[in-house]
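Read off the chains here:
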Amino acid sequence: MAVIFFIWGCVQSLIVGIFIPIVKKARNNYLLSVIFFVTSLNILIQYLLRYQGWKDDFPRLLVIPDFLDLLLPTLLFIYIKAVLGGGIDKADKRYVYVPVIAGTFFVLNAVFRTDFSFGNYVGSLYHKFVLMGILVWKLFLFLKGWNIVKEQQHIIKKKTILWWPKMLAYFLGVLTYITFLNLCYFMLIVPNFELGSTVRFTLQKLVELNYIIFTCSIIFITIFFFFKYPKILSGLPIIKSKKTSKVPDGQIYIDKLNKLISEDRIHLDTELNEQKLADIMEVQSYILSIVLNDYLGKSFSAFINEKRIEEAKRLLENENNKDLTIFAIAVDSGFRSESVFYVNFKKQTGLTPKQYKKRYLSNT
């Protein structure tokens with residue numbers, strides 16, 4: 001069964017890697033394509049070493065999976081940062097130095113050691129140090145990637161498509177877990193159980209199955225995301241950030257806007273539109289649109305309507321307003337139309353204004 005998974009995982013990763021840049025030629029897609037090519041190559045090398053006798057015929061190839069185990073999480077981390085709007089800068093490219101330098105050392109060590117073989121490499125003290133280094137590197141990237149995802153947690157809860165980078169962060173965690181299992185196997189099982197023993201053979205197969213089943217699962221989930229959310233393959237960041245915004249000093253405008261909302265309560269003006277707000281803020285309307293999209297991930301109407309619904313909820317919760325009609329609540333909240341108010345209120349709360357008021361009163 002494991003052999004079937006290895007072959008399927010290798011072929012599927014290769015096909016996906018070829019398919020991605022065909023859909024859309026973009027830097028993020030090229031990076032994602034390389035990730036799948038690396039995954040495919042890693043599975044292929046593992047298959048040849050484990051099931052085709054290459055570990056004995058070509059033992060120096062044993063260092064290739066070690067190099068790929070450093071390279072793959074690095075590429076994943078950079079991709080997560082890119083799709084979450086962080087972009088790819090020179091500082092990010094420096095992360096690639098770690099697998100490149102370590103991989104060069106692995107290869108040189110394998111080439112210049114005349115006694116290099118499967119028996120004196122796998123399970124040796126040097127091999128354990130290599131695995132420990134890979135584990136530390138993966139853990140570092142996983143924690144760093146997870147922190148990037150957590151920074152967008154308030155948005156991820158609202159937009160399902162943002163489960164994509166979250167799933168990739170989980171994938172980094174899975175890669176870390178697999179390396180941890182390998183290290184435990186070589187540190188605890190290999191020294192205490194002879195080669196060919198039932199316990200060692202069984203645990204070895206379990207470690208192999210863990211690796212290939214988890215890897216194939218991630219490939220399958222990725223394909224599912226591609227079909228469900230084709231926007232992933234647009235090559236564009238899912239969330240834009242200050243680094244990728246065309247208005248890098250946009251936070252100044254956000255602070256000014258928040259002040260207009262909290263102090264001047266400008267959102268309650270029923271005649272307010274994007275151009276009028278831009279004029280008040282002394283900025284071009286297209287700049288305001290870019291700032292709202294890049295810094296808040298919202299359009300003008302979505303942002304203002306959200307603030308107006310907050311005001312409507314406050315009015316509905318106030319017993320002094322029990323005689324106000326729904327139309328009056330709508331107008332006092334900044335809406336010109338009762339129907340538009342109803343649609344936006346139900347969209348944000350899941351309830352009509354009357355249902356919301358009734359539930360609030362029953363709870364209090």
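Residues numbered from 1 in each chain as written. Predicted model: local features only at pLDDT ≥ 70, side-chain atom pairs only at ≥ 80, totals over all residues. Heavy atoms only, no water.

Engineer: Can you help me understand the packing of aromatic side chains in this one?
Structural biologist: Centre-to-centre distance and the angle between the planes together describe a pair of aromatic rings. Counted according to the given criterion, the structure contains 21 aromatic pairs. Each ring, one from F335 and one from F341, has its centre 5.4 Å from the other, and the planes form 55°; the classification is tilted. Each member of the pair, F335 as well as F341, carries the same accessibility label: buried. In this structure an aromatic cluster arises from ring pairing among F335, F341, Y342, F345 and Y356. Across from the ring centre of F118, 4.7 Å away, lies the NZ or CZ of K55, which sits over that ring. (Phe/Tyr/Trp six-rings, centres within 6.5 Å; stacked < 30°, edge-to-face > 60°. Buried < 20%, exposed > 50% of the residue type's maximum accessible area, 1.4 Å probe, protein only. Lys NZ or Arg CZ within 6 Å of the ring centre and 35° of its normal.)

Engineer: Would you mind going over unusual backbone geometry with me for this structure?
Structural biologist: Leaving glycine out, the prevailing phi sign among residues is negative, and the prevailing peptide bond configuration is trans. The phi angle at R265 is positive, at roughly 50°, despite the residue not being glycine. Looking at the element boundaries, R265 is found in the loop between α12 (251–262) and α13 (274–281). Of note, E282 is a non-glycine position whose phi angle comes to about 60°, a positive value. Structurally, E282 is set in the loop between α13 and α14 (285–296). (Helix = DSSP H or I, 4+ residues; strand = E, 2+ residues; numbered from the N terminus.)

Engineer: Help me understand the pattern of salt bridges, please; the structure alone is not making it clear to me.
Structural biologist: Opposite charge on two side chains permits pairing when their charged atoms draw close. Under the definition given, this model contains seven salt bridges. Here R113 makes a salt bridge to D115, at a shortest N to O gap of 3.5 Å. Exposure remark for R113: the relative accessible area of 23% places this residue in the partly exposed category. Residue classification places D115 among the partly exposed positions, given a relative accessible area of 46%. (Salt bridge = Lys/Arg side-chain N within 4 Å of Asp/Glu carboxyl O.)

Engineer: Honestly, a nonpolar patch on the surface in this entry has me stumped. Any pointers?
Structural biologist: Side chains of V3, I7, V11 and I15 sit close together on the surface and give an oily, nonpolar patch of about 300 Å² of accessible area. Turning to its location among the elements, V11 is positioned in helix α1 (residues 2–23). Overall, the relative accessible area of 42% leaves V11 in the partly exposed class. (Patch = residues over 30% accessible without salt bridge, like charges linked within 9 Å, V, L, I, M, F, W, Y side chains within 5 Å. Areas by Shrake-Rupley, 256 points an atom, 1.4 Å probe, with all protein chains shown as cover.)

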